[in-house]
Every structure is written in C-alpha cells, then in structure tokens.
Amino acid sequence: TRWVRLLCTANILLTIEDGAVPAIDTAVAELCAGQRPPEATGPGLLLDVLEGAARGSAPAYLSLRRGLDALAEALEARPVDVQPESLLAMKRQISQMAMLFEEQGHCFAELQRRLAIGLQSERGREQLRGLITDLERGLRLLARMEDRVRDLRQHHLHSQQEATSRRLNVLAVLSAIYLPA
C-alpha cells in the first residue's frame, strides 16, 4: 500500500509521495499539454487525481479474481495438490485490498464532507458520489471473493477428510485380512 500526502487549497495542489503515482503523472501531463480539466480548481484537480488512483485498483482486483479462479480450478481438478497456504495467502491478499478500499472510502467520505463548499459544480459532487459508490461496490465484490475462498477452504478440508477416510478403510480391510483372529 502506498500513501500519498496532499495539500489542497483553492488554486494549488501539492503532493508528497515516495515514488511515481500514475494518476498524478497523468494529471500533470494533461495540464502540461494544455488540457484544462472541467473543474479547474484545487479541489477539482484533487478529485481527478484521486479518481485516477482509485481506478488504478481495478487491475489488482482483476488479478486477484483470476488467481482465485485458477485456485478454484486446481482445487476441483486435484484437491491434494492444493496447499492450504495458497488459500490463506489468497484470503490475506483479498483482505488487504478490502482494507485499502475501506481506507479510500473513508477518505472520500471525509472529502465529501469537507469539499462540499469548495466544489462549485455539480460535476465535482457527482464525481465524488460516483467514487464512493464504486468503492462500496468494490467492497461488496471483495466480500463475495472472501466467501468464495471460505467455500474453497471448506471444500479442501472435505477433500482431505475424504482421502483420509479412504486410507483408513483400506487399512481396516488389510488389517482384517492379515491380522490373526
């Protein structure tokens, strides 16, 4: 997780970050090219940067979803080859992304409260509401992914119990055959 510190006034947006942030780089490139954003104020530019940063989470979410699908297919094909650690690692990654979305949602809700006066156009207010709605949808999708990991873990445990039961049955038959009465 990367943190970006921002200072936003009516006409200035200052950022302090550890490395390149694609959303900020895109906004700077557009401004340098003479493309003026529709809401050319500090809060408007802040929203554009935050929207770009929030949208940047989509590839990570899609990558998690592909990984979960691959894990589910492997579990269905050969449950014994799937390690419990891989299920726990997937759950941890999903939880980390959910925490990121929750933090972004808190940030956007606070911005909505504080920037209500600074955003003069309906476009800015609508953009902020859209970001909050998208984050809430993302949290619901991540909750469904966590449920799926839980179901896969239960399936994995059931498969291991079934394999153990089969082994015990074979041992019981062998012991009945070879042990003296």
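Residues numbered from 1 in each chain as written. Predicted model: local features only at pLDDT ≥ 70, side-chain atom pairs only at ≥ 80, totals over all residues. Heavy atoms only, no water.

**Student:** Just to check I follow, could you spell out the overall build of the protein chain for this structure?
**Tutor:** Within the protein chain, the secondary structure is distributed over five helices and two strands. Taken from the N to the C terminus, the helices and strands of the protein chain come in the order β-β-α-α-α-α-α. The proportion of buried residues among the 181 residues of the protein chain is 27%. The long-range share in the protein chain, meaning contacts at least 24 apart out of those at least 6 apart in sequence, stands at 70%. Working note: accessible area of the protein chain is about 12,000 Å², and carbon and sulfur atoms make up 58% of it. (Helix = DSSP H or I, 4+ residues; strand = E, 2+ residues; numbered from the N terminus. Buried < 20%, exposed > 50% of the residue type's maximum accessible area, 1.4 Å probe, protein only. Contact = heavy atoms within 4.5 Å. Areas by Shrake-Rupley, 256 points an atom, 1.4 Å probe, with all protein chains shown as cover.)

**Student:** Which parts of the structure should I look at to understand the pattern of salt bridges?
**Tutor:** Opposite charge on two side chains permits them to pair, given that their charged atoms come into close proximity. For the structure shown, the criterion picks out six salt bridges. Asp81 is the salt-bridge partner of Arg78, the closest N and O atoms lying 2.8 Å from each other. (Salt bridge = Lys/Arg side-chain N within 4 Å of Asp/Glu carboxyl O.)

**Student:** Help me out: how do you make sense of the side chain of Gln104 in this one?
**Tutor:** Mapped onto the elements of the fold, Gln104 is located in helix H4 (residues 84-115). Since its relative accessible area comes to 16%, Gln104 is described here as buried. In contact with Gln104, other than residues within four places in its own chain, are Ala53, Ala54, Ser57 and Leu135.

**Student:** Whenever I open this one, helix H3 (residues 57-77) confuses me. Can you help?
**Tutor:** Owing to its 3.6 residues per turn, the α-helix brings residues three or four apart onto one side. Between its first and last C-alpha, H3 extends 31 Å over 21 residues, near the 30 Å set by a 1.5 Å rise per residue. Burial in H3 covers these residues: Ser57, Tyr61, Leu64, Leu68, Leu71, Ala72 and Leu75. Taken end-on, H3 shows its buried residues confined to a sector of 100 degrees, consistent with a single buried face. The exposed set on the far side of H3, more than 90 degrees from its buried face, consists of Pro59, Arg66, Glu73 and Ala77. (Expected span 1.5 Å × (residues − 1). Arc of directions from axis to C-beta.)

**Student:** Just to check I follow, could you spell out the nonpolar core for this structure?
**Tutor:** Counting residues in hydrophobic clusters, the biggest one holds 27 residues, and the most contacted among them are Met90, Ile94, Phe108, Leu142 and Met145. For this core, the secondary-structure elements that each account for two or more residues are helix H2 (42-55), H3, H4 and helix H5 (122-178). Aside from chain neighbours lying at most four places away, what touches Met145 is Tyr61, Leu64, Arg65, Leu68 and Ile94. (Core = buried A, V, L, I, M, F, W, Y, C linked by side-chain atoms within 4.5 Å.)

**Student:** Mind showing me how you'd approach the packing of H3 against H5 here?
**Tutor:** The packing of two helices is summarised by the inter-axis angle and the distance between the axes. Contact geometry of H3 with H5 gives a least axis separation of 11 Å together with a crossing angle of 20 degrees. Of the possible angle classes, the one that applies to H3 and H5 is roughly parallel. Read as a crossing pair, H3 and H5 show a hand that is left-handed. Counted together, Tyr61, Leu64, Arg65, Leu68, Asp69, Ala72 and Leu75 of H3 and Leu141, Leu142, Met145, Arg148, Val149, Leu152, His155 and His156 of H5 form the full contact between these two elements. (Axes fitted to C-alpha atoms, helices over the stretch in contact; angles between N-to-C directions. Parallel < 35°, antiparallel > 145°, perpendicular 65-115°, else oblique. Left-handed = near helix turned anticlockwise from the far one by under 90°.)

**Student:** Could you clarify how one ought to interpret the environment of Cys107 in this entry?
**Tutor:** One can find Cys107 in helix H4. Residue Cys107 is classed as partly exposed on the basis of its relative accessible area of 34%. A C-alpha to C-alpha distance of 9.8 Å links Cys107 and Leu50, two positions 57 residues apart in sequence.

**Student:** How do you make sense of the side chain of His156 when you look at a structure like this?
**Tutor:** You can see His156 is positioned in helix H5. With a relative accessible area of 2%, His156 lands in the buried category. When sequence neighbours within four positions are dropped, the list of residues in contact with His156 reads Leu75, Pro79, Val82, Pro84 and Leu87.

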